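Residues per chain are reported as follows:
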Amino acid sequence: MSVTLYAFTCGTVTGEFARLMEGGEGDITVPVPVFLIEHPKGRALFDTGLHPDCQHDPAGRLGSRLAALFRIGFEPGEEVSARLEAIGRDPARIDLVINSHFHFDHVGGNALIPNATMLVQRGEWDAGMDPDTAMKRGFDPRDFDLGHKLRLVDGEHDVFGDGSVICLPTHGHTPGHQSLKLQLDSGEVVLAADACYFCRTLRERRLPRYAHDHQAMLASLDRLEALERSGARIFFGHDPEFWRSVPQAPASIA
Ligand SMILES: [Zn+2]
């Protein structure tokens, strides 16, 4: 069965480059990507971007610590629901929200997708539901504990049962981080999310300063590299240079 993939960048985050990549200098502005996946059996998002409150009150939404570390560029109309409506898709008719992980730039828009089932790794959900771990990992349950129906998975998971959309455990950045592998007509694509921020993260193994587990993160990068060697195209989570070459919806990813 055939799968169509659309990409949106829903705002930006600016912060210290070295925080995101060892050896980075100065500040860097990175895009916040969201993906729409259309499959004959359903419509899914992979990540949902920032919470709309970040448009007018980032400190109120994210707290003073995160707001001091990151400057948010996010205008009305850039939130996931508006981007979907702009291409004629009803946010109330999204079946699945697959979250790579629970950081604020990946789950903030879940609130705008009311009727979806949320599909996450059990390890991420458990970390998010434990107040100590959630605080340590920078998770805010207001982003994801919203009463959505839950589909918790352990490790690799075939989303539609036909091998076309597969959740890949790429733990390390957070306890239950996952990437998404898709079989498009043009070939295999892997949406790495924050298992791999930049192209150079993969090529040079320059890790972010903070991660839940650096060894696990390196093992996830090995896995992504093996997929790339076997022909998959890797979509880097926050690489501004890479994202300049990605067509935005309404164009689909060929
Ligand atoms: Zn991120």
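None of the values given here were measured: they were computed from a predicted structure.

All right, on to unusual backbone geometry then. Excluding glycine, residues mostly have negative phi values, and the peptide bonds linking residues are mostly trans. Here the bond from Ala-249 into Pro-250 is cis, since omega is 15°, no more than 30 degrees from zero. Examined against the element boundaries, Pro-250 turns out to sit in the segment after α11 (240-244). Even without glycine at this site, Asp-47 takes up a positive phi of about 70°. Its location among the elements puts Asp-47 in the loop between β3 (42-46) and α2 (58-62).

Our focus in this paragraph is the layout of surface pockets. Considered as a void within the structure, the largest pocket measures approximately 530 Å³ in volume. Lining of the largest pocket is provided by 25 residues; of these, Arg-19, Phe-70, His-103, His-173 and Tyr-197 occupy positions nearest its centre. Of all the elements in the fold, those that place two or more residues in the lining of the largest pocket are α1 (17-20), β2 (27-39), α3 (64-69), α5 (104-107) and α7 (131-137). Looking at the lining of the largest pocket residue by residue, the class counts come to 13 nonpolar, six polar and six charged. When its volume is computed, the second largest pocket comes out at roughly 220 Å³. If you trace the second largest pocket, you find it lined by Arg-61, Leu-62, Arg-65, Leu-66, Phe-104, Met-135, Gly-138, Phe-139, Asp-140, Arg-142 and Asp-143. Among the secondary structure elements, those contributing two or more residues to the lining of the second largest pocket are α2, α3 and α8 (141-144). Classifying every residue of the lining of the second largest pocket by side-chain character gives five nonpolar, one polar and five charged.

Definitions and cut-offs
- Residues numbered from 1 in each chain as written.
- Predicted model: local features only at pLDDT ≥ 70, side-chain atom pairs only at ≥ 80, totals over all residues.
- Heavy atoms only, no water.
- Helix = DSSP H or I, 4+ residues; strand = E, 2+ residues; numbered from the N terminus.
- 1 Å grid on protein atoms, 1.4 Å probe; cavity = no way out; pocket = protein on both sides within 12 Å on 5 of 7 lines; lining within 4 Å.
- Points joined across faces, edges and corners; volume = space filled by probe spheres on them.
- Nonpolar A, V, L, I, M, F, W, Y, C, P; charged D, E, K, R; others polar.

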